[in-house]
Amino acid sequence: MLTKPTFILLGGGLASATAASTLRAEGFDGRVIIVGDETHVPYSRPPLSKDVLRGEKSPERTWLRPPAWYESKDIELQLGVRAVAVDPRAHTVELADGTRLAYDKLLVATGGVPRTLDIPGADLPEVFFLRTLDDSLALREHLTPGAPLVVIGAGFIGAEVAASARKLGCQVTMLEIAAIPLGRALGPKIGQIYAEVHRERGVALHTGVGVERIEGDGHVRRVVTTDGRVHEAAVVVIGVGLLPCLDLARRSGFTTGNGIIVDEYCQTSADDVFAAGDIAHHPNHFLSRSIRVEHWQNAQHQGKAAARNMLGQRKAFREVPWVWSDQYEHNLQVVGLPDPSDRLVVRGDAATRNFSAFFLRDGRVTAALAVNRPDDIRVARLMIQHGTAAAEAQLADVDAALGELVVAFATVERAC
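Rules behind the numbers
- Residues numbered from 1 in each chain as written.
- Predicted model: local features only at pLDDT ≥ 70, side-chain atom pairs only at ≥ 80, totals over all residues.
- Heavy atoms only, no water.
- Pairing = 2+ DSSP bridges.
- Helix = DSSP H or I, 4+ residues; strand = E, 2+ residues; numbered from the N terminus.
- Buried < 20%, exposed > 50% of the residue type's maximum accessible area, 1.4 Å probe, protein only.
- Expected span 1.5 Å × (residues − 1).
- Axes fitted to C-alpha atoms, helices over the stretch in contact; angles between N-to-C directions.
- Contact = heavy atoms within 4.5 Å.
- Polar contact = N/O pair within 3.5 Å; in protein donor to acceptor, adjacent residues only side chain to side chain.

All right, on to the sheet that holds strand E22 (residues 289–291) then. Read across the sheet, four strands follow the order E18-E19-E21-E22 without closing on themselves; strand pairing throughout is mixed. Looking at strand neighbours, the two that pair on one side only are strand E18 (256–257) and E22, the edges of this open sheet. Note: strand E19 (residues 259–261) against strand E21 (residues 280–284), two bridges, orientation parallel. Within E21, the position partnered with Ile260 by the bridge is Ala280.

Now for the environment of Glu196. Mapping Glu196 onto the fold places it in helix H6 (residues 188–200). A relative accessible area of 32% means that Glu196 is categorised as partly exposed. Remark: the alpha-carbon pair of Glu196 and Ala351, spanning 155 residues in sequence, is separated by 10.0 Å.

A separate point is helix H9 (residues 374–386). An ideal rise of 1.5 Å per residue puts 18 Å on 13 residues; H9 measures up with 19 Å between its terminal C-alpha atoms. Phi turns positive one or two residues past the end of H9, at Gly387, with a value near 65°.

Take helix H4 (residues 156–167) next. In a regular helix each residue adds 1.5 Å, so 12 residues correspond to 16 Å; H4 covers 17 Å between its end C-alpha atoms and thus fits that length. Following H4 by one or two positions, Gly169 has its phi on the positive side, about 90°.

Glancing now at the sheet that holds strand E14 (residues 220–225). In a beta sheet, neighbouring strands pair by backbone hydrogen bonds and run either parallel or antiparallel. Strand order across the open sheet formed by three strands is E13-E14-E15, with antiparallel pairing between neighbours. Each having just a single partner strand, strand E13 (211–216) and strand E15 (230–232) make up the two edges of the open sheet. Strand-to-strand twist across the sheet, computed as the mean angle between neighbouring axes with direction ignored, equals 25°. Examined bridge by bridge, E13 and E14 share five bridges and lie antiparallel to one another. By the bridge assignment for E14, Gly216 is matched with Val220.

For the rest of this paragraph, the subject is the environment of Arg100. As for its placement among the helices and strands, Arg100 is situated in strand E6 (residues 100–102). C-alpha separation for the pair Arg100 and Cys266, spaced 166 residues apart in sequence, amounts to 24 Å. Excluding residues that lie within four positions of it along the chain, Arg100 makes contacts with Thr92, Val93 and Glu94. Side-chain polar atoms of Arg100 contact the side chain of Glu94, separated by 3.5 Å.

So this is what it looks like as structure tokens:
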């Protein structure tokens, strides 16, 4: 009797869950195993800094699938255990409890871990990082009305935590080492608007400062910044970025850089080993460079692509990166990878927080950002995919239909 193949998916997040679902949808009837170091079934991470943190969504409502679904699809969940090494020659995975699992194909989707700060007081019990469901639930217990919270880092995670905490009535201080939040990524004009949104909502945002130490008497009491200021705190959240989990990859001999290096088919340097999600450093067809994307859509779509390529379908993963962030009543979306050195064209009214900004290079859209204008982002994504040429006046004119630019360009492209 022939033994059915075994596909192992390392990481209990969205990329693995999507890959497992795709394998079954594509007719794979072999053994599928998801290995994850958390005890929860795979869940969605975006609500952790928003709905879950504010107590508006229960943990069960973050589940990507209920536990019974995995059983119905004959997908094995080995949770609460970490994979520590892969032997690509033997096609085996070693788990932290000593178990060895044999695989025919392997997906590494172990994501990343929060960057830490090497400062005194960072180990106090009320200092949090926000990456897991348990992190969010534990932090939520400290966000009571009037509680002084210091958020270190004004990136998307830090800003979303600050917005949620303000809604809960906390006194929020946000510290950012850059002169303008997200200025390096989005440019000074957009970064300044972003800063003003938080200041208008009562966040004490301090920029251009680092953190010297966190002080306390066994519990957090204050944060001291490099400019000598002292900020009262009962709880601290550190949100200064994410590092890909590369210990296993390096120990296993995979080629790494800013993540695990993969080709357009999600294939790593090892035979029969693939990678997807936050950990995968992959070539992007539309941007003509390799990137690593830490967001929901990338994890979902790359997990699907990886699964199909594990089945031998040889389907390239090609996608324009897209991220979003909800803060207060504002929805911020970014498509492409903005370069502040590109030409910036604003459409709409930035003062009323209803605008989009297009980044142009050589007359073509390379990226776009929108606040409360999701339709503009959908069109901008098509522009980037098609390499659409657009006049600045057309992009800036709110009465001009953006979609017509894409249709017109595609028509000309077909005619050529």
